Amino acid sequence: MKYMMLICGDENAELTADELAVLEEDTIDWVEKMDARSVRKLGSRLRPTDTATTIRVRDGETLMSDGPFTETKEQILGFDLIECADLEEALEIASKHPTAQRGSIEVRPLWEE
Amino acid sequence: MTDPAEAAVAAAFHNEWGRVVATLIRMTGDWDLAEECTQEAFTRALERWPNDGVPDRPGAWLTTAARNHALNRIRRGRTEHAKLREWDTMNGPQDPPDPSGITDDRLRLIFTCCHPALPIEARVALTLRTLLGLTTAEIARAFLVAEPAMAQRLVRAKRKIRDAGIPYRIPPAHLLPQRTASVLGVVYLLFNEGYAATEGPDPLRVDLCAEAIRLTRVLHGLMPDDPEITGLLALLLLQHSRRTTRQNPAGELIPLEDQDRTRWDHTSITEGIAHLNNALNQGTPGPYQIQAAIAACHATARTPADTDWPQIAALYDRLADLTPSPIVHLNRAVAVAMANGPEAGLALLQNLEADLPDYHLLPATRADLLRRLGHHKAAATAYREALTLARTTPDRRYLTHRLNELTHVPERPDPRT
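Residues numbered from 1 in each chain as written. Chains lettered and ligands numbered in written order. Predicted model: local features only at pLDDT ≥ 70, side-chain atom pairs only at ≥ 80, totals over all residues. Heavy atoms only, no water.

Looking at an unreviewed UniProt entry, one finds chain B named RNA polymerase sigma factor and attributed to Actinomadura spongiicola. Taken directly from UniProt, the Sequence similarities (unreviewed entry) text for chain B runs: "Belongs to the sigma-70 factor family. ECF subfamily." (UniProt positions renumbered as here; feature names shortened; annotations may be inferred.)

Under an unreviewed UniProt entry, chain A has the name Transcription initiation protein and belongs to Actinomadura spongiicola. Its UniProt record, at the heading Sequence similarities (unreviewed entry), says of chain A: "Belongs to the YciI family."

**Student:** Help me out: how do you make sense of the overall build of chain A in this one?
**Tutor:** Tallying secondary structure elements over chain A gives two helices and six strands in all. When the helices and strands of chain A are listed from N to C terminus, the series reads β-α-β-β-β-β-α-β. Each of the three principal axes of chain A carries a C-alpha extent, and together these read 45 × 45 × 20 Å. Residues classed as buried in chain A amount to 27% of the 113 residues present. (Helix = DSSP H or I, 4+ residues; strand = E, 2+ residues; numbered from the N terminus. Buried < 20%, exposed > 50% of the residue type's maximum accessible area, 1.4 Å probe, protein only.)

**Student:** I tried to follow the packing of helix H12 (residues 266-281) of chain B against helix H13 (residues 287-299) of chain B on my own but got confused; where do I start?
**Tutor:** Two quantities define a packed helix pair, namely the angle between the helix axes and the distance between the axes. Residue and element names in this part refer to chain B. Interhelical geometry of H12 versus H13 gives an angle of 140 degrees and a closest axis separation of 10 Å. Judged by the inter-axis angle, H12 sits oblique to H13. Crossing geometry of H12 relative to H13 is assigned as left-handed. Facing H12, whose interface residues are Ile269, Ile273, Leu276, Ala279 and Leu280, H13 presents Gln289, Ala292, Ala293, Ala296 and Ala299. Considering only residue class, the contact of H12 with H13 consists of nine nonpolar, one polar and no charged. (Axes fitted to C-alpha atoms, helices over the stretch in contact; angles between N-to-C directions. Parallel < 35°, antiparallel > 145°, perpendicular 65-115°, else oblique. Left-handed = near helix turned anticlockwise from the far one by under 90°. Contact = heavy atoms within 4.5 Å. Nonpolar A, V, L, I, M, F, W, Y, C, P; charged D, E, K, R; others polar.)

**Student:** How should I be thinking about empty space enclosed by the protein in this particular structure?
**Tutor:** In this approach, a probe sized like a water molecule rolls over the atoms, and the result shows the empty space that is left. With the rule as written, the count across this model stands at one cavity of 30 Å³ or more. What the largest cavity holds in volume is close to 70 Å³. If you go around the largest cavity, the residues you meet are Glu88(A), Phe111(B), Thr112(B), Cys114(B), His115(B), Pro167(B), Arg169(B), Pro171(B), Arg179(B), Ser182(B) and Val183(B). Where the lining of the largest cavity is concerned, the elements lending two or more residues are helix H5 (105-113) and helix H9 (176-196) of chain B. Per element, the largest residue contribution to the lining of the largest cavity is three residues, and it comes from H9(B). A breakdown of the residues in the lining of the largest cavity according to their chemical character gives five nonpolar, three polar and three charged. (1 Å grid on protein atoms, 1.4 Å probe; cavity = no way out; pocket = protein on both sides within 12 Å on 5 of 7 lines; lining within 4 Å. Points joined across faces, edges and corners; volume = space filled by probe spheres on them.)

**Student:** What's the story with the packing of helix H11 (residues 227-240) of chain B against H13(B) in this structure? I'm lost.
**Tutor:** All names here are of chain B. Two elements in contact, H11 and H13, have axes whose closest approach is 8 Å; the angle formed by their N-to-C orientations is 30 degrees. Overall, the two elements H11 and H13 adopt an arrangement that is roughly parallel. In terms of crossing hand, the pair formed by H11 and H13 is left-handed. Packed against H11, whose contacting residues are Pro227, Glu228, Gly231, Leu232, Ala234, Leu235 and Leu238, the element H13 presents Pro287, Tyr288, Gln289, Gln291, Ala292, Ala295, Ala296 and Ala299 at the interface.

**Student:** I tried to follow the side chain of Thr54(A) on my own but got confused; where do I start?
**Tutor:** Residue and element names in this part refer to chain A. Among the secondary structure elements, threonine 54 is positioned in strand S3 (residues 53-58). Of note is the side chain of threonine 54, whose polar atom sits 3.3 Å from the backbone nitrogen of phenylalanine 69. Every residue in contact with threonine 54, bar those within four places of it in the chain, is listed here: Leu63, Met64, Ser65, Gly67, Pro68 and Phe69. (Polar contact = N/O pair within 3.5 Å; in protein donor to acceptor, adjacent residues only side chain to side chain.)

**Student:** Sorry, what's going on with the packing of aromatic side chains here?
**Tutor:** By convention here, two paired aromatic rings are described through the distance between centres and the angle between planes. All names here are of chain B. Here the structure, examined in full by the defined rule, presents six aromatic pairs over all chains. Relative to phenylalanine 42, the ring of phenylalanine 13 has its centre 5.1 Å away and its plane inclined at 65 degrees; by these criteria the two rings are edge-to-face. Of the two residues, phenylalanine 13 is situated in helix H1 (residues 4-28) and phenylalanine 42 in helix H2 (residues 31-52); the sequence distance between them amounts to 29 residues. Here phenylalanine 13 falls in the partly exposed class, since its relative accessible area comes to 26%. Among the aromatic residues, ring-to-ring pairing joins Phe13, Trp17 and Phe42 into one connected group. (Phe/Tyr/Trp six-rings, centres within 6.5 Å; stacked < 30°, edge-to-face > 60°.)

**Student:** Explanation requested: the interface of chain A and chain B in the structure shown.
**Tutor:** One frequent convention defines the size of an interface as the accessible area lost when the parts assemble. Residue-level contacts link eight residues of chain A with eleven residues of chain B. Interface area for chain A against chain B, summed over the two sides, is near 720 Å², with a carbon-plus-sulfur share of 57%. For chain A, the biggest contributors to the area lost against chain B are Asp86(A), Leu87(A) and Glu88(A); these three give 66% of the whole. Joining chain A to chain B, the criterion identifies two salt bridges. The partner of Arg179(B) in a salt bridge is Glu88(A), and the shortest N-O contact between them spans 2.8 Å. (Buried area = accessible area lost by both parts, 1.4 Å probe. Salt bridge = Lys/Arg side-chain N within 4 Å of Asp/Glu carboxyl O.)

**Student:** Got a minute to help me understand H13(B) in this structure?
**Tutor:** A turn of α-helix holds 3.6 residues, and therefore any two residues three or four places apart point the same way. Residues and elements named next belong to chain B. Here H13 spans 18 Å end to end across 13 residues, near enough to the 18 Å set by a 1.5 Å rise per residue. A large share of H13 lies buried, amounting to eleven of its 13 residues. Within the span of H13, buried status applies to Tyr288, Gln289, Ile290, Ala292, Ala293, Ile294, Ala295, Ala296, Cys297, His298 and Ala299. (Expected span 1.5 Å × (residues − 1).)

**Student:** Would you mind going over H2(B) with me for this structure?
**Tutor:** Residue and element names in this part refer to chain B. Here H2 spans 30 Å end to end across 22 residues, near enough to the 32 Å set by a 1.5 Å rise per residue. Along H2, the helix axis deviates most sharply at leucine 46, where the bend reaches about 30 degrees; the proline proline 50 sits within four residues downstream. Where H2 begins, the capping side chain belongs to aspartate 30, and its oxygen is found 3.0 Å from the backbone nitrogen of aspartate 32. Glycine 53 occupies a position one or two residues after H2 and carries a positive phi of about 90 degrees. (Bend = angle between axes of the 7 residues up to and from the residue.)

Printed below as a string of structure tokens:
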């Protein structure tokens, strides 16, 4: 099955240079391991929400606003699309992601028939 | 009056429902289809057994009937993609034997129903429906929830199992202890729900305590070597032995010390203690075994004065190490008060004020200890505080009763003054 992992956390969390380096190293390590297992199909870190633009079309009119579609305490920091046997394996993969230790990871199945 | 064949169907429903559903889910991968076909198999049994006689192996007969019904349904529904997939699965190679060596499909069913990715209320409801065969109406009534809401809860849970891909299998060894704890948590919640549900006599309401014990017996039969399952079975049997003495006819709670111990269910106590000893002999105590040991101390005391309170206090110490919680500390304080005097208990209660701000049993316990010391005014104040927090009718009645008693008793002079 295919699952989307939404990597969430506080983008304004202040990390020391050391913490940041460790986080980056751990994330690269996770990506390499999951690529080697052939379960990770696609994924990336996202730029912060101040680079986001939200668009809505209503009555034929395009409305554009600066920022994410909703202000929340945690933001989507990145995503990974994985393919694995079942939710058990998906949760095992997600729990190994370093951001699971300070933020949270939402695991959702793709809508496939 | 009861037809023996009908009685046999009823017995088979009690014993075989969960097994048949569990097997059908494995065969078809479709929870609704499995339930419907199992229901159909029982309807067939009611039609056939009075004429054909009760089969030697009712479970096997029912499974075959349900399976055939499922095959027909799938053949008829050929055009549907989903059904075709199920057809393939059904005719495909059998699942490899489970590495744990456990082959009973009911275990897959239990672990899937109690998967921590499902909300706890859904785990309980799904287990009652699929494993024990309770109807949606019965479950709704047991939990005082409207039937459509309960139906919705079951539909959502089954949809999540299917769409999110919660696997239908026994968890791998490294997850097994954690997942078994999740299953036992569901059973314990079920029992406590039944234990606390005392509002009004409702003859149609299923006895959740009895269902929890039935479920634990199934679990114990499937995993006889797990000491915590055995410990939980012991605990539930010991608690359940007091079911008829916990309340007076007016619905007031009767505290342990005032209960008629000759009316405790001694068969249940004997069985509970035998299970407890078996569990403890394995040498890996856990929270349920310790709670069962505490319950056994009460169950074996012939009079309240015979209760081994120092032993109970020591057991609560162990429990607090394993599962630190303010409730455990509150119970420990009560045991210490009984073993070493009310002052010792009151001192321990002080540390809990911050952790249990809205829990009526904290001021209620304080009130009891103050009453024992003869400080009636302070006790009355504490009972009133407890009354503002208590929510169930029996709790409120008990506290009001205690409070009324106090206002008729003169204050004992404080020996220190």
